Amino acid sequence: MKSKQTFIYGILLGILGIVLFSSKAVMVKLAYRYNIDALSMLLLRMLFAFPFYIAIAYFYRNEKKESTARKDYLWLIFFGFVGYYLASYFDFVGLTYIKASLERIILFIYPTIVLLFNKLFLKKTITNKQKLAILITYVGIVITFGSEVSISGNNAYLGGFFVLLSAITYASYLVGSGWLIPKFGVMRFTAYAMLVSCVCVFVHFGIFSQVNLFNFPWQVYALGLAIAVFATVIPSFLVSLSIKLINSSNFAVVAGIGPISTIILAVVFLNESLTGLQIIGTMVVILGILLVSKSKKV
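As a starting point, this report considers the structure included with it. Residue numbers restart at each chain and count upward from 1, following the sequence in its written direction. Reporting of local features is limited, given that this is a predicted model, to residues whose pLDDT is at least 70; pairs of side-chain atoms are given and counted only at 80 or more, and all residues count toward the totals for whole chains, interfaces and linings. Think of the side-chain values as coming from all heavy atoms in the structure, minus any hydrogens and water.

### As for the overall build of the chain
For helices the rule is a DSSP run of H or I covering at least 4 residues; for strands it is a run of E covering at least 2, with both sets numbered from the N terminus onward. A count of helices and strands for the chain gives 13 helices and zero strands. Traced from its N-terminal end to its C-terminal end, the chain shows the element sequence α-α-α-α-α-α-α-α-α-α-α-α-α. The globule rule is 2.2 Å times the number of residues to the power 0.38, and the radius of gyration it is compared with is taken over C-alpha atoms. Taken over C-alpha atoms, the radius of gyration comes to 19 Å for the chain, in line with the 19 Å a tight globule of 298 residues would show. Each principal axis of the C-alpha distribution contributes one length, and for the chain these read about 50 × 50 × 40 Å. With 298 residues in all, the chain has 53% of them scored as buried. Excluding contacts between residues fewer than 6 apart, the proportion of contacts in the chain whose partners are at least 24 apart in sequence is 89%. Remark: exposure states derive from per-residue accessible area (1.4 Å probe, protein chains only) relative to the maximum for the residue type, with buried under 20%, exposed over 50%, and partly exposed in between. Two residues qualify as a contact provided that any one of their heavy atoms is within 4.5 Å of a heavy atom in the partner residue.

### Comments concerning the state of the cysteines
Note on terminology: pairs of cysteine sulfur atoms within 2.5 Å are recorded as disulfides. Across all of its chains, the model carries zero disulfides by this definition. Cysteine Cys-198 remains unbridged, with the sulfur of Cys-200 as its closest cysteine sulfur at 9.3 Å.

### Quick notes on the packing of helix α1 (residues 4-32) against helix α3 (residues 70-94)
In helix packing, the relevant descriptors are the interaxial angle and the interaxial distance, both defined with respect to the helix axes. For every element, the axis is a line fit to its C-alpha atoms; helices are fit only across the contacting stretch, and the angle between N-to-C directions ranges from 0 to 180 degrees. Closest axis-to-axis distance for the α1/α3 pair is 10 Å, and the angle between their directions is 55°. The orientation of α1 relative to α3 falls into the category oblique. Considering only the axes of α1 and α3, their crossing is right-handed. Counted together, Lys-24, Val-28 and Tyr-32 of α1 and Asp-91, Phe-92 and Val-93 of α3 form the full contact between these two elements. Residue classes follow a fixed rule: Ala, Val, Leu, Ile, Met, Phe, Trp, Tyr, Cys and Pro count as nonpolar, while Asp, Glu, Lys and Arg count as charged, and any other residue, Gly among them, counts as polar. Along the lines of polarity and charge, the residues of the contact of α1 with α3 split into four nonpolar, no polar and two charged. If an angle is under 35 degrees, it is roughly parallel; if it is over 145, roughly antiparallel; if it lies from 65 to 115, roughly perpendicular; otherwise it is oblique. Two helices crossing with the near one rotated counterclockwise from the far one by less than a right angle form a left-handed crossing, whereas a clockwise rotation gives a right-handed crossing.

### As for a nonpolar patch on the surface
Together, Ile-260, Ile-264, Val-267, Val-268, Phe-269, Ile-279 and Met-283 give the surface a local cluster of nonpolar side chains, amounting to about 620 Å² of exposed area. Elements represented by at least two residues in the nonpolar patch include exactly α12 (257-270) and α13 (276-295). With five residues, the top contributor of residues to the nonpolar patch is α12. One can find Ile-279 in helix α13. Note on Ile-279: relative accessible area 42%, which makes it partly exposed. Exposure above 30% relative accessible area and the absence of a salt bridge qualify a residue for a patch, where like charges join within 9 Å and nonpolar side chains (Val, Leu, Ile, Met, Phe, Trp, Tyr) within 5 Å. Each accessible area is a Shrake-Rupley estimate made with a 1.4 Å probe; only the visible protein chains count as cover when residues are assessed. By definition here, a salt bridge exists when the distance from a side-chain nitrogen of Lys or Arg to a carboxyl oxygen of Asp or Glu is within 4 Å.

### Here's the deal with the packing of aromatic side chains
Ring pairs are drawn from Phe, Tyr and Trp, using the six-membered ring of Trp, whenever the two centres fall within 6.5 Å, and their geometry is named by plane angle: stacked under 30 degrees, edge-to-face over 60, tilted for the rest. Evaluated as defined, the whole model comprises 19 aromatic pairs. Ring geometry for Phe-59 and Tyr-60: centres 5.1 Å apart, planes at 80°, overall edge-to-face. Assessed through its relative accessible area of 64%, Phe-59 is described here as exposed. By relative accessible area, which is 24% here, Tyr-60 ends up partly exposed. For Arg-61, the ring lying beneath its charged end belongs to Tyr-58, and the centroid distance is 4.0 Å. Cation placement over rings: the criterion is NZ of Lys or CZ of Arg within 6 Å of the ring centroid and within 35° of the ring normal.

### Comments concerning the pattern of salt bridges
A full pass over the atoms with the stated rule returns three salt bridges. Two residues, Glu-103 and Lys-24, come together in a salt bridge whose shortest N-O distance is 2.9 Å. One end of the pair, Glu-103, is in helix α4 (residues 100-107); the other, Lys-24, is in helix α1, with 79 residues separating them in the sequence. In terms of burial, Glu-103 and Lys-24 fall into one category: buried. The salt bridge involving Lys-183 is made with Asp-72; its shortest N-O contact spans 3.9 Å. Of this pair, Lys-183 sits in helix α8 (residues 181-184) while Asp-72 is found in helix α3, placing the two residues 111 residues apart along the sequence. Residue Asp-72 is classed as buried on the basis of its relative accessible area, which comes to 2%. One network of salt bridges, in which partners are shared, links Lys-24, Asp-91 and Glu-103.

### Some thoughts on the nonpolar core
Definition used in this section: a nonpolar core is a set of buried Ala, Val, Leu, Ile, Met, Phe, Trp, Tyr and Cys residues joined via side-chain atoms within 4.5 Å. If you look at the biggest cluster of nonpolar residues, it comprises 57 residues, and the most contacted ones within it are Val-26, Tyr-32, Ile-36, Met-41, Tyr-53 and Phe-92. Elements supplying a minimum of two residues to this core: α1, α2 (38-59), α3, α7 (155-177), α9 (186-208), α10 (218-246) and α12. In terms of residue count, the dominant contributor to this core is α9 (12 residues). Membership of the second largest hydrophobic core comes to 21 residues, among which are Ile-141, Ala-167, Val-285 and Ile-286.

### What about α10?
Each helix should span, by expectation, one fewer than its residue count multiplied by 1.5 Å. With 29 residues, α10 should cover 42 Å at 1.5 Å per step; its first-to-last C-alpha distance of 40 Å lies within 8% of that length. Immediately beyond the C-terminal end of α10, within one or two residues, lies Asn-247, with a positive phi of roughly 75°.

Taken by themselves, the reported measurements are silent on function.
If you want it as C-alpha cells, here you go:
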C-alpha cells in the first residue's frame, strides 16, 4: 500500500497537470485576440512541441515493450492522425466560436463517448449506473449549452459541434489505441503519436494556408511556446506520474477540477462569465463524469 505522503504527492501532481492542461484553451483564446487563425495557432503549438517530443522519443527509445510488427506502426500513424491531429484541429477551430470554459465542459464528456464506443465496437456492457451517469452528463450539457445559444447566437452551435468532434475523435483514439500502448510503451507511444500529429499539421498548413507565419506580434509566438511547453509537454508527464502514484481511478476524480480550473482561468484572464444556469449545468456534467469514472472497474 502506497504511503500517505506518496498519495498526497500524486494528487498534487495530478492537480497541477490538470490545471496546466486546462490553461490551453485560455491561452488559445488570448492568441485569437491578435487575429491569428486556428490552423496557424495549431502550427505554432506543434512547431514548439516538436523538438521536445523528438527528445522524448529518443530518451525512451529502449523503453520496455512487447514485440511490434509493421502493421502496429501503421495503426500508430492512424491513431496519431485521429487522436492528436484531428482532435486538436477540431478543438482549435471550435475555440474560435465559443468560450474557453464551455470548450472544456464539452471536452470533459469524452469518458461517456468512450463507454458508448466500447459498447458499439467492442460489445462491452454498459451498466445501469453508467447509463444513469451518461444521462446526467448530457442533461448537464444541454443545460449549460442551451443557455449559451441564447447569449451568443448560432455560432455557439458551430463551435460546440467542432469541440464535440474533438471529444469524439479523442475518445476513438483512447478506445482503439489501448492494445497498442503495451507494444511501444506509454512514453514512446505518446511521443510517436504526437510526432505524427505534428507532421500532419505541418502538411495541412503547407498545402492549405497562405498565411505568413512570421507576420504576427511577438505575443502570439510567446503564447504558442507557452501552450507547447506548459499546456502540452509538462502536464503530459505530470499526469502520467500522478496516475502511476495514485492509480487511474483516483486520478479520474482529481480530473474533475478540469472544467472548474478552466472557468476560473477564463474569468481571470479573459473576463468570461457563466450564467447561474450554466454553473448548475457544469456541476451536473462534473457529477455525471465522476459517476462514470467511479463505476469503471479498476
